[in-house]
Amino acid sequence: MASGGDLSLTILGFLHERPMHGYELKARLAGLSGHLRPVSDGALYPAIARLEGKGLVERHEEAGAAAARRQVLTITSAGREELLRRLREPADLDISDQGRFFALLTFLSALPDPADQAAVLRRRLAFLEAPASFFYEGGRPVRARDEPDPYRRGMLVVARAASHAEQDWLRQRLDELSATPPRP
């Protein structure tokens, strides 16, 4: 979540669920991906300030558990609209980058229309179905069976297995969504 796009989407997503103070928000972010990409105060609080500056997030004071007051963050209606827009129309990088896609997936249920959810999942599935590799030779992806280096071959085998598992899940979820009527 080091990139600004991921962090903004994730902040809006968590605040869509409920208002929270910065420390709680940071804990939720760490729970989501902190083991992979920790979010520092130097990234989090400027991102919150940018969202406030755009009118997407508001801050107000509440009494704390002790004598100290605390700042509570709340998503605005404009913030909700922005979150839904970004979920409905994710950037190509939000589809192709696994970390960014997982951040998107975390909040995809916020989209009320199953058809909108399905459109995002279809984009990810199309991306995963396209031939790709970490290594290319002669402009073509190198297959695991053709890779002589055991570590590179391992990368290819693991990536292929993960991709197949994700594709299976995406197809299953798309089938479920096709049977779901839109929410009113």
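Chemist: I tried to follow the overall build of the protein chain on my own but got confused; where do I start?
Modeler: Secondary structure assignment for the protein chain yields eight helices and five strands. For the protein chain, the α and β elements follow one another from N to C terminus as α-β-α-α-β-β-α-α-α-α-β-β-α. Dimensions of the protein chain, computed from the C-alpha atoms along their principal axes, are close to 65 × 40 × 25 Å. Out of the 184 residues in the protein chain, the part that is buried amounts to 36%. Considering only residue pairs separated by 6 or more positions, the protein chain has 53% of its internal contacts joining residues 24 or more positions apart. On the protein chain, roughly 10800 Å² of surface is accessible, and the fraction owed to carbon and sulfur atoms is 55%.

Chemist: I would appreciate a short explanation of the nonpolar core in the present structure.
Modeler: Among the nonpolar cores identified, the biggest contains 36 residues, and Ile11, Leu25 and Leu87 are the most heavily contacted of them. Where this core is concerned, the elements lending two or more residues are α1 (4–17), α2 (22–34), α3 (41–53), β3 (69–75), α4 (77–88), α6 (98–107), α7 (114–129) and α8 (150–178). Beyond its immediate chain neighbours, meaning those up to four positions away, isoleucine 11 contacts Leu25, Leu44, Ala47, Ile48 and Leu51.

Chemist: So what exactly am I meant to see when it comes to the sheet that holds strand β2 (residues 57–63) here?
Modeler: Picture the strands of a sheet paired through backbone hydrogen bonds; they go either parallel or antiparallel. Overall, antiparallel pairing links the three strands, which are arranged β1-β3-β2 in an open sheet. The sheet is open, and its two edges are formed by β1 (20–21) and β2, each paired on a single side. Each of β2 and β3 is contacted by α3, which is oriented at about 110° to β2, the strand it contacts most.

Chemist: In this structure, what is going on with the packing of aromatic side chains? I would like to understand it.
Modeler: Between two aromatic rings, the relevant description is the distance of the centres plus the angle of the planes. This model, assessed by the stated rule, comprises two aromatic pairs. Residues phenylalanine 14 and phenylalanine 107 carry aromatic rings whose centres are separated by 5.1 Å and whose planes lie at 90° to one another, so their mutual orientation is edge-to-face. Of this pair, phenylalanine 14 sits in helix α1 while phenylalanine 107 sits in helix α6, placing them 93 residues apart in sequence. Each member of the pair phenylalanine 14 and phenylalanine 107 is classed as buried.

Calculation criteria
- Residues numbered from 1 in each chain as written.
- Predicted model: local features only at pLDDT ≥ 70, side-chain atom pairs only at ≥ 80, totals over all residues.
- Heavy atoms only, no water.
- Helix = DSSP H or I, 4+ residues; strand = E, 2+ residues; numbered from the N terminus.
- Buried < 20%, exposed > 50% of the residue type's maximum accessible area, 1.4 Å probe, protein only.
- Contact = heavy atoms within 4.5 Å.
- Areas by Shrake-Rupley, 256 points an atom, 1.4 Å probe, with all protein chains shown as cover.
- Core = buried A, V, L, I, M, F, W, Y, C linked by side-chain atoms within 4.5 Å.
- Pairing = 2+ DSSP bridges.
- Axes fitted to C-alpha atoms, helices over the stretch in contact; angles between N-to-C directions.
- Phe/Tyr/Trp six-rings, centres within 6.5 Å; stacked < 30°, edge-to-face > 60°.

These figures capture arrangement, not role.
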